[in-house]
Amino acid sequence: MSDGSTTRPTGGDLHRLIADLYPICRSITGDGVGETLNRIGEIIPLDVHDVPSGTEVLDWTVPPEWNIREAWVRDASGKTVVDFRDSNLHVVGYSAPIERRVTREELVEHAHTLPDWPDRTPYRTSYYDETWGFCMPHRLLEGLSDPEYDVYIDSSLESGSLTYGECRLPGESDEVVLVSCHVCHPSLCNDNLSGIAVAAFLASELADRKKRYTYRFVFLPGTIGSITWLAQNAAEVHNIRHGFVLAGVGDAGRLNYKRSRQGRADIDRAVEHVLTHSGADYGIEDFSPYGYDERQYCSPGYDLPIGCLMRSPWGTYPEYHTSADDLDFVLPDRLADSLDTCLSVVDVLEGNGSYQNLSPQGEPQLGRRGLYDSIGGRVSPEDGLLAVLWVLNLSDGNHDLLAIAERAELRFDVVRRAADLLEENGLLEEVVSGAPRSHGAVS
Amino acid sequence: MSDGSTTRPTGGDLHRLIADLYPICRSITGDGVGETLNRIGEIIPLDVHDVPSGTEVLDWTVPPEWNIREAWVRDASGKTVVDFRDSNLHVVGYSAPIERRVTREELVEHAHTLPDWPDRTPYRTSYYDETWGFCMPHRLLEGLSDPEYDVYIDSSLESGSLTYGECRLPGESDEVVLVSCHVCHPSLCNDNLSGIAVAAFLASELADRKKRYTYRFVFLPGTIGSITWLAQNAAEVHNIRHGFVLAGVGDAGRLNYKRSRQGRADIDRAVEHVLTHSGADYGIEDFSPYGYDERQYCSPGYDLPIGCLMRSPWGTYPEYHTSADDLDFVLPDRLADSLDTCLSVVDVLEGNGSYQNLSPQGEPQLGRRGLYDSIGGRVSPEDGLLAVLWVLNLSDGNHDLLAIAERAELRFDVVRRAADLLEENGLLEEVVSGAPRSHGAVS
Amino acid sequence: MSDGSTTRPTGGDLHRLIADLYPICRSITGDGVGETLNRIGEIIPLDVHDVPSGTEVLDWTVPPEWNIREAWVRDASGKTVVDFRDSNLHVVGYSAPIERRVTREELVEHAHTLPDWPDRTPYRTSYYDETWGFCMPHRLLEGLSDPEYDVYIDSSLESGSLTYGECRLPGESDEVVLVSCHVCHPSLCNDNLSGIAVAAFLASELADRKKRYTYRFVFLPGTIGSITWLAQNAAEVHNIRHGFVLAGVGDAGRLNYKRSRQGRADIDRAVEHVLTHSGADYGIEDFSPYGYDERQYCSPGYDLPIGCLMRSPWGTYPEYHTSADDLDFVLPDRLADSLDTCLSVVDVLEGNGSYQNLSPQGEPQLGRRGLYDSIGGRVSPEDGLLAVLWVLNLSDGNHDLLAIAERAELRFDVVRRAADLLEENGLLEEVVSGAPRSHGAVS
């Protein structure tokens, strides 16, 4: 996809990337993240950054690096009843190494199950409390009746580094659109291989376009990763104009957008506009300081205009953080729909601007200029004419095109095309403020 | 009605004026407009202005003047099958002259019908594309089976003038209330002989009253007429404080008010207040840059506080722009109701003002001054006392009487009377800003 | 209750005070008010003020003092048919003295009854029109068939004074919370012995607490009393930061809060917050210039942030201003609920404040500081953590804790406790503006 071809990636392309990444054991540090980034780097140009353990980042410290090679539980007969090789979910993330015979009682204390979903293995971590543990189906745990078990975890928790990847796509301006996704979850597809896949293919799509904005795609471990990135990019954070977190964008649910802390930032308006005109059901929720990395980007010391695009919100579906969030749970057409939505949002961000009507007294004579029914394309003549009239009427320097589209209840691209036509006819002039806009260069 | 008598015009009076004007063939220029204005001039003092063809007005140019004397279609036997004398709707407005034998096919190409309403003749114009055409019932067109027809249009499209009328009623102040209606439609009653009639009789009603504002009633062709008027009154446009367009105010539908572009201008609040307290169903719609001459008045270079009062909105009823918009389609009592509404709106505009409570600490002792139950009239004692208390409470310079009526959910006249009583008792003083107000002089 | 004990008064305590005060004949002046204040003075420290008749207070004049010793109506046989000793409602308040034989017709002219409620005696006054009158059950009046009656009212209307009481509880700051209730009604329990009882026991509860604000509880005759108090406290009125009127807070109805004229003052937000989280039905109404003494406090020359807390609003229940507003009509548990609500409102006012997040870039690491699940008490761990995150996120100097509680939809005390924890951990600092806050000193 990075060869400049114009074929848009399919849902199948996205799903195949997810399938590639699914077996890798990821955590907030460790080799699995690097492996994941290498695979993404085959699709888009990616800079990989290693930040040493112990580095102070904002109020936090980069933790030791965790790696795991093998782990199992064996019963009295020596039979392996739980094996990390079957699923990396079986070991609690950041488990300390252990090699010991334990009583059934002690094993149960260190076992995590889901009694309501007895066939699913839960996903658990313990980043900042040193402990060990196994996750397994509740039904399996109930079947363990031996008095003692051998437990073995061959892991290491040592000074190393935290790894994240960034794909920077320069645009005409230094102003930045930030797209962020977390890469710290092991074999869970919706959360968040789906976000990784959509981000990667979105970057791939935008790579060769002429862009007004510079795009920065970051692939990083949740919380500590975004905190590290913010710390390391302190001098550039103020350039961020828009952004969104991608998380859980492959399941069958409707799209849900969580607004930035600002609430009515351009990104909030752009996503809401795109969803409003999508023809599909969707949800909008206000910002709250719980959730994904928007928590960090929207902390009061930054207050960045960054929202979060999801399908089913985290915690609202029973597959969440369990082995049921697998390759069947993410659907190619939903992945493609999420990517399309992101591209439409980018079109709005790229195409938005404020204009001045140069013939503001009365309506200019459209007929003389052939501006009736002239928008064409997928637009009805009525909508086309309405778009022309609305752009003329509201281009007083106080309304950007997105505001005009909102007020007129017309699709942004229709309004954008009307503005182009009026500009070509000398009836409209952009009010320059901030970044220059690349007219129609995107989409 | 212009002799100063106080008898309010009846719905019958309005309908009779419409009947007088109905047969006249009007267009955006031509003798029909002048004839129409002459008849209006019998009711109110009217200045008639002729603006030469070719005059540049804002972004437009005054077009050639169109006149028509005769037009018909005759079949092979010489029988007249379509005749302009039967209805001026039969000829497309601004049709070029023609005298020729045409094939049935060519006639059909130049014929306009309404297949869904086969007995109605549509109304069509072609101001800026030189062509010719006939409008007729679809049933009639279907019956034309001769291979050839003679078509004859004795029209002229020559340098002349655009004509409009204005009735200026001076008030105490130079600040203007503008009432505008279009006079360019031929034999169509609701659109817009109804607007013409209500405007004319509203002017007649206000002519001899003492008025705070100067009133300007303009009778002009749609679009090009208001553009011409704006161009010719450039030095005075800034005096316009309130205004409304009257269009389609005679049909059986409920009243609908379309807000000015400002949305919460005094005129918008005044009309909404009157409709809210009318006891009848009504509609309010936001401004859009489509519709009648409010499009021009509300273009961003003017942004005047001018809305549009209608009954059924244009395009929403099947009689719209057809021969079915006839004398039966406009109802005397609806015309009278529209006129009454306009008069109530004028009462609010004239009576509104901001006051200062001169005894603002605690309530003044109303009993000592006989101010309990003192409003009288149609008002209940409770409403009267409430009005007095609300006026005292909110007269802090930040609320005009209309805002107080809105907040108190009381009729404006009740609040106005309370303010008068309080002023007489030395408890209230007007906050002068802009035009002086003529206390209670209106209504 | 004034001995500093921490036992909260019960509904029974409140009802017993009402029962004590019920028999006393109160009016806007006269001995009954003094008697009432003496009884309240047994519960809380109370300064009693006498303002001489004839004193000019704002736009009003303190009226003569009215006292009554005896009053009756006797029939032709000398039998007493109406006796002031049975109920002080039987005589119209401010009745002039009379000792005369009158015809039945004259008696009927001076009799007040409720034909729809024939067994109830209405409550009537005539403060500013000198007259005399008797109130009685309609059924009793209908039974009076003698041609003549002896009427006797031994009252006096003489220069004296208007009496009100004030309990001032000093706090750390001179900023004042005003609690006001009217004491001018005779034997009516809900209106307003309930308000008197809740105010008295609220003061008693707050007396020995450490308080940020100074509290002023005023017990005064309606209208003329608050006007007199405002006039006499002109130099201190500007210190009032919050306040509420207590009236009709003992009946079975839900709590109703009427907003101050400002509408979104802290007191309005605090009461609405408490009611929202009360778990019970409640009502909120906008300010109107009709009602109790909030009319005076919210007149435009003061515009104080003072609302009114009621249960069933005045005039909406048939017992209102009749002999049926008796000791059975006010319920101990409703009185206690009203008092609890007032205390919760005080907790919000005392505990509110604006803070600055001292680690505003990204989230501070809560785990390191043991701030997960640390709020405890009645709060769920989820709510506790959410409160911590919300306080951190919105402590940017633009949101006080009440705003954070509103935005987070969490109880104020949970948010307050989160702020305390964060402050103890050096993550939060109060933004000082106005009065210092007494951390957690209340409740």
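Residues numbered from 1 in each chain as written. Chains lettered and ligands numbered in written order. Predicted model: local features only at pLDDT ≥ 70, side-chain atom pairs only at ≥ 80, totals over all residues. Heavy atoms only, no water.

K.L.:
Quick one: what's the story with the interface of chain C and chain A, residue by residue and with numbers?
P.N.:
With 19 residues of chain C at the interface, the matching set in chain A holds 18 residues. In total, chain C and chain A occlude about 1,700 Å² of area from one another, counting both sides; carbon and sulfur atoms represent 49% of this. Scanning the region where chain C abuts chain A turns up four salt bridges. Residue Arg369 of chain C is joined to Asp59 of chain A by a salt bridge in which the shortest nitrogen-to-oxygen separation is 2.8 Å. Linking chain C with chain A are 13 residue pairs in polar contact (both at pLDDT 80 or more). Tallying contributions element by element places helix 10 (residues 381-394) of chain C first for the side of chain C that touches chain A, with seven residues. Per-class residue counts for the side of chain C that touches chain A are eight nonpolar, six polar and five charged. (Contact = heavy atoms within 4.5 Å. Buried area = accessible area lost by both parts, 1.4 Å probe. Salt bridge = Lys/Arg side-chain N within 4 Å of Asp/Glu carboxyl O. Polar contact = N/O pair within 3.5 Å; in protein donor to acceptor, adjacent residues only side chain to side chain. Helix = DSSP H or I, 4+ residues; strand = E, 2+ residues; numbered from the N terminus. Nonpolar A, V, L, I, M, F, W, Y, C, P; charged D, E, K, R; others polar.)

K.L.:
So what about the interface of chain A and chain B? Which residues, and what values?
P.N.:
Each partner contributes residues to the interface: chain A has 19 residues there, and chain B has 18 residues. Both sides of the chain A and chain B interface together cover about 1,700 Å² of buried area, and 49% of this is carbon and sulfur. Here chain A and chain B share four salt bridges between them. The tally of links between chain A and chain B comes to 13 residue pairs in polar contact (both at pLDDT 80 or more). For the side of chain A that touches chain B, the element with the highest residue contribution is helix 10 (residues 381-394) of chain A, accounting for seven residues. Partitioning the side of chain A that touches chain B into residue classes produces eight nonpolar, six polar and five charged.

K.L.:
Can you break down the packing of aromatic side chains residue by residue, with the values?
P.N.:
All names here are of chain A. Taken as a whole and assessed by the stated rule, the structure comprises 30 aromatic pairs over all chains. Taking 6.3 Å as the distance between ring centres and 45° as the angle between the ring planes, the aromatic pair formed by Trp314 and Tyr320 counts as tilted. In textbook terms, an aromatic cluster arises when at least three aromatic residues are bridged by ring pairs, as seen for Trp60, Trp66, Tyr94, Tyr127 and Tyr128. Stacked on the ring of Trp117, the Lys or Arg Arg120 has its end atom at 4.0 Å from the ring centre. (Phe/Tyr/Trp six-rings, centres within 6.5 Å; stacked < 30°, edge-to-face > 60°. Lys NZ or Arg CZ within 6 Å of the ring centre and 35° of its normal.)

K.L.:
Can you tell me about the relation of the copies chain A and chain B, naming the residues and giving the values?
P.N.:
Mapping chain A onto chain B calls for a screw motion: a turn of 120° about the axis and a shift of 0.0 Å along it, with 0.1 Å RMSD after fitting. What the superposition gives is, in effect, a three-fold axis relating one chain to the other. Across chain A, the rotation axis passes nearest the C-alpha of Arg264 of chain A, at a separation of 13 Å. (Least-squares fit on C-alpha atoms with pLDDT ≥ 70 in both.)

K.L.:
Could you give an account of the packing of helix 7 (residues 266-276) of chain B against helix 11 (residues 401-408) of chain B, with specific residues and numbers?
P.N.:
Angle between the axes and distance between the axes: these two values describe a pair of packed helices. Residues and elements named next belong to chain B. Direction vectors running N to C along helix 7 and helix 11 enclose 40°, while the axes themselves pass 11 Å from each other. On the basis of the axis angle, helix 7 is oblique to helix 11. Between helix 7 and helix 11 lies a crossing whose hand is left-handed. Across from Asp266, Arg269, Ala270 and His273 in helix 7, the residues of helix 11 making contact are Leu402, Ala403, Ala405 and Glu406. Taken together, the residues that form the contact of helix 7 with helix 11 break down as four nonpolar, one polar and three charged. (Axes fitted to C-alpha atoms, helices over the stretch in contact; angles between N-to-C directions. Parallel < 35°, antiparallel > 145°, perpendicular 65-115°, else oblique. Left-handed = near helix turned anticlockwise from the far one by under 90°.)

K.L.:
Give me the confidence of the model for chain A: which residues, what numbers.
P.N.:
Mean pLDDT for chain A: 94, with 95% of residues reaching 70 or above. Segment residues 435-443 of chain A is flagged for pLDDT under 50; beyond a separation of four residues in sequence, or across chains, it makes 35 contacts in the model. (pLDDT = per-residue confidence, 0-100.)

K.L.:
A description of the environment of Pro52 of chain A should follow, citing residues and the corresponding values.
P.N.:
Residue and element names in this part refer to chain A. Summarising the element assignment, Pro52 is placed in strand 1 (residues 47-52). Pro52 gets classed as partly exposed once you look at its relative accessible area, which sits at 47%. When the C-alpha positions of Pro52 and Ser161 are compared, they lie 4.0 Å apart, and in sequence the two are 109 residues distant. Filtering out sequence-adjacent residues up to four positions away, Pro52 remains in contact with Val62, Gly160 and Ser161. (Buried < 20%, exposed > 50% of the residue type's maximum accessible area, 1.4 Å probe, protein only.)

K.L.:
Give me helix 1 (residues 11-21) of chain B: which residues, what numbers.
P.N.:
Residues separated by three or four positions in an α-helix point in the same direction, a consequence of the helix having 3.6 residues per turn. Residue and element names in this part refer to chain B. The set of residues buried in helix 1 consists of Gly11, Leu14, His15, Leu17, Ile18 and Leu21. An end-on view of helix 1 places all buried positions within 155° of arc, on one side of the element. Of the surrounding secondary structure, the elements contacted by the buried residues of helix 1 are helix 2 (31-40), helix 5 (189-207) and helix 9 (332-351). (Arc of directions from axis to C-beta.)

K.L.:
Describe the pattern of salt bridges, and please don't skip the residues or the numbers.
P.N.:
Residues and elements named next belong to chain C. All chains considered together, the criterion is met by 106 salt bridges over all chains. Between Asp83 and Arg85 there is a salt bridge; the shortest N-O distance is 3.8 Å. With relative accessibility at 63%, the residue Arg85 sits in the exposed group. With a shortest N-O distance of 3.4 Å, Glu406 and Arg269 are connected by a salt bridge. Taken together, the residues span a long stretch of sequence, with Glu406 in helix 11 (residues 401-408) and Arg269 in helix 7 (residues 266-276) at a distance of 137 residues. A relative accessible area of 28% means that Glu406 is categorised as partly exposed.

K.L.:
If you had to explain the sheet that holds strand 6 (residues 98-103) of chain B to someone new, which residues and values would you point to?
P.N.:
All names here are of chain B. Strand order across the open sheet formed by four strands is 5-4-9-6, with antiparallel pairing between neighbours. With one partner strand each, in any of the chains shown, strand 5 (80-83) and strand 6 form the two edges of the open sheet. Within this sheet the neighbouring strands show an average axis-to-axis angle of 20°, counted without direction. (Pairing = 2+ DSSP bridges.)

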